[in-house]
Amino acid sequence: MNEEFSSRRTNLLFVVLTVINLFLLTTHLNVYIRFAKNILFYLLNPTTAVAGQALESTRNISQTLHEVLRVHQDNLSLVKDLQRYVYLDHDYQRMKDENARLHQLVNFPPTKMGNYVPARIVSREPASWFQWVVISKGSEDGITIDAPVLVWAGSRPAVLGRAVEIFAHSAKVVLITNTLCALPVQIKGIGEDGLLEGQNNAELRVNYLRAGGKIAIGDEVVTSPLSAVFPEGITVGYVRDITFSENDTLRIAAVRPLVNFNRLREVMVLTSRTGDRHE
Amino acid sequence: MNSIINGLLFFFVIIIQFSWTKYFALYGLAPNIPLIALIYISLRQGALSGQLLGFAWGITWDVLSGDLFGSHALLFTGIGFLIGKLSHKMDESKVITQMVLTGIASVVFSAGMWCLYLVFSPTEYVLSWNYIVWMQPLLNMMVAPFFFAAASLVIPEQRA
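Residues numbered from 1 in each chain as written. Chains lettered and ligands numbered in written order. Predicted model: local features only at pLDDT ≥ 70, side-chain atom pairs only at ≥ 80, totals over all residues. Heavy atoms only, no water.

What follows is about the overall build of chain B. Scanning chain B from N- to C-terminus turns up six helices and zero strands. Computed over the C-alpha atoms, the radius of gyration of chain B is 15 Å, within 12% of the 15 Å expected from 2.2 N^0.38 for a compact globule of 160 residues. Dimensions along the principal axes, computed over C-alpha positions, put chain B at roughly 45 × 30 × 25 Å. The burial tally for chain B puts 55% of its 160 residues in the buried class. Counted over contacts in chain B with a minimum sequence separation of 6, partners at least 24 positions apart contribute 73%. Entry remark: accessible area of chain B is about 7,500 Å², with carbon and sulfur atoms responsible for 72%. (Helix = DSSP H or I, 4+ residues; strand = E, 2+ residues; numbered from the N terminus. Rg over C-alpha atoms; globule rule 2.2 N^0.38 Å. Buried < 20%, exposed > 50% of the residue type's maximum accessible area, 1.4 Å probe, protein only. Contact = heavy atoms within 4.5 Å. Areas by Shrake-Rupley, 256 points an atom, 1.4 Å probe, with all protein chains shown as cover.)

A word on the confidence of the model for chain A. Residues and elements named next belong to chain A. Mean pLDDT for chain A: 85, with 93% of residues reaching 70 or above. Element-level mean pLDDT values for chain A span from 54 in helix H3 (residues 110-113) up to 94 in strand S9 (residues 220-223). This model gives residues 274-279 a pLDDT under 50, and the stretch forms ten contacts once residues within four places in sequence are excluded. (pLDDT = per-residue confidence, 0-100.)

Next up on the list: helix H2 (residues 31-106) of chain A. Of all the bends in H2 of chain A, the greatest, near 30 degrees, is centred on Leu 44 of chain A, and the proline Pro 46 of chain A appears no more than four residues after it. Taken together, the buried positions of H2 of chain A are occupied by Ile 33, Lys 37, Leu 44, Thr 48, Ala 51, Gly 52, Glu 98, Arg 101 and Leu 105 of chain A. (Bend = angle between axes of the 7 residues up to and from the residue.)

Our focus in this paragraph is the pattern of salt bridges. Residue and element names in this part refer to chain A. With the rule as written, the count across this model stands at ten salt bridges over all chains. The shortest N-O distance in the salt bridge between Arg 70 and Asp 74 comes to 3.5 Å. On the criterion of helical spacing, the pair formed by Arg 70 and Asp 74 is a turn pair, its members being four residues apart in helix H2. Accessibility expressed as a relative area gives 40% for Arg 70, which makes it partly exposed. For Asp 74, a relative accessible area of 36% translates into the label partly exposed. Among the salt bridges present, the one from Glu 197 reaches Arg 205, with a minimum N-O distance of 3.7 Å. Using a relative accessible area of 32% as the deciding quantity, one classes Arg 205 as partly exposed. (Salt bridge = Lys/Arg side-chain N within 4 Å of Asp/Glu carboxyl O.)

All names here are of chain A. The element strand S3 (residues 148-153) is extensively covered by neighbouring structure, given that six of its six residues are classed as buried. The side-chain alternation of S3 yields two buried faces, one formed by Pro 148, Leu 150 and Trp 152 and the other by Val 149, Val 151 and Ala 153. Two strands pair when backbone bridges link them, and S3 and strand S4 (residues 156-166) are joined in this way by six bridges, in the antiparallel orientation. Pairing of Val 149 across the sheet is with Gly 161, part of S4. Where S3 folds back on S4, the antiparallel hairpin that results is connected by two residues, among which Gly 154 adopts a positive phi of roughly 70 degrees. (Pairing = 2+ DSSP bridges.)

Below, the structure written as structure tokens:
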């Protein structure tokens with residue numbers, strides 16, 4: 001009985017709904033139906049609009065995450081590139097310095113100094129840092145025993161040492177900072193001679209200076225005409241300090257070399273000069 | 001409880017159909033989710049729920065679209081009522097039953113729309129026989145088992 005009533009109610013409702021639908025279809029959206037449709041549209045449209053926006057924002061999150069991942073990957077790639085460019089920049093700076101040094105070598109005045117052979121420093125022992133270096137040229141290149149070895153310091157040549165052991169394609173150079181090296185020098189402007197000696201460190205010492213001389217701190221020390229190895233007037237360094245010897249009859253000057261011993265790359269070996277002599 | 005779930009389902013289906021189908025439509029072809037949901041509700045809850053929800057989805061579709069006003073409401077009400085009458089008279093859990101019923105309902109829906117346009121359209125109506133007309137029932141049939149499986153997890157089986 002109950003089920004039959006329910007079925008009748010369902011059928012009746014179907015008829016009512018069908019009549020309503022047919023009425024809507026036949027009225028062809030007259031003013032009242034259009035009004036009702038608009039009201040329903042204003043009620044229902046926000047639901048779909050908000051749902052669409054919600055999904056769109058979810059898509060934005062996905063896009064943002066994708067972009068973050070892409071930026072992260074780009075960052076990793078750029079870090080690698082940066083490391084490579086840092087290395088290249090270091091290489092560039094090294095080559096730039098080398099170019100500047102070679103440029104100075106090319107400008108070295110040969111007329112005054114005679115012929116020279118450019119060479120690279122190929123070996124330098126840390127234990128003998130201020131004593132020896134090995135250069136890349138030897139007897140095959142015209143280098144002889146006691147050949148003066150210079151470097152270009154700033155805008156002029158400076159004394160580095162002399163060749164003491166010669167091989168076919170290399171040579172061993174004793175530096176002026178070596179205690180075994182002694183070189184006649186003079187104080188520029190005064191003309192007073194002394195004997196420069198190495199200390200196995202970055203400083204030099206000039207002995208046998210006259211106690212009453214006019215030497216002063218900052219004076220330039222150059223090679224003496226008495227030197228049988230080096231041409232006259234090549235800069236060695238500058239006076240840093242002046243002291244008296246034990247008996248106060250002579251003075252001793254501490255000299256700061258013009259050569260930067262921590263930036264030795266290329267050298268010039270003089271192979272001949274006018275009026276060669278042997279000490 | 002049943003009314004609340006049906007109410008939530010009503011809005012959920014409307015949101016899917018009118019807001020989200022654009023994201024999974026392929027070449028303009030998307031499943032008719034209200035029709036599939038209507039078949040499910042009618043089979044599970046009977047003719048009363050089927051025709052009421054069918055009318056609600058249909059009138060909403062008519063309001064939100066520019067189609068002939070009342071056409072969806074009439075077809076959905078009829079489909080909900082008729083399939084509701086078949087409720088519990090066949091094994092609704094079988095995939096083949098779900099697909100066949102969905103296919104028939106889809107064809108009836110398309111044919112019904114064509115007929116309604118022929119009769120009630122204020123202007124001359126020419127049916128466009130493009131691939132969507134042919135593929136829509138097939139797509140609905142493919143989607144129906146998945147929808148039925150998902151819906152059976154959250155919607156209780158209860159005769160109205």
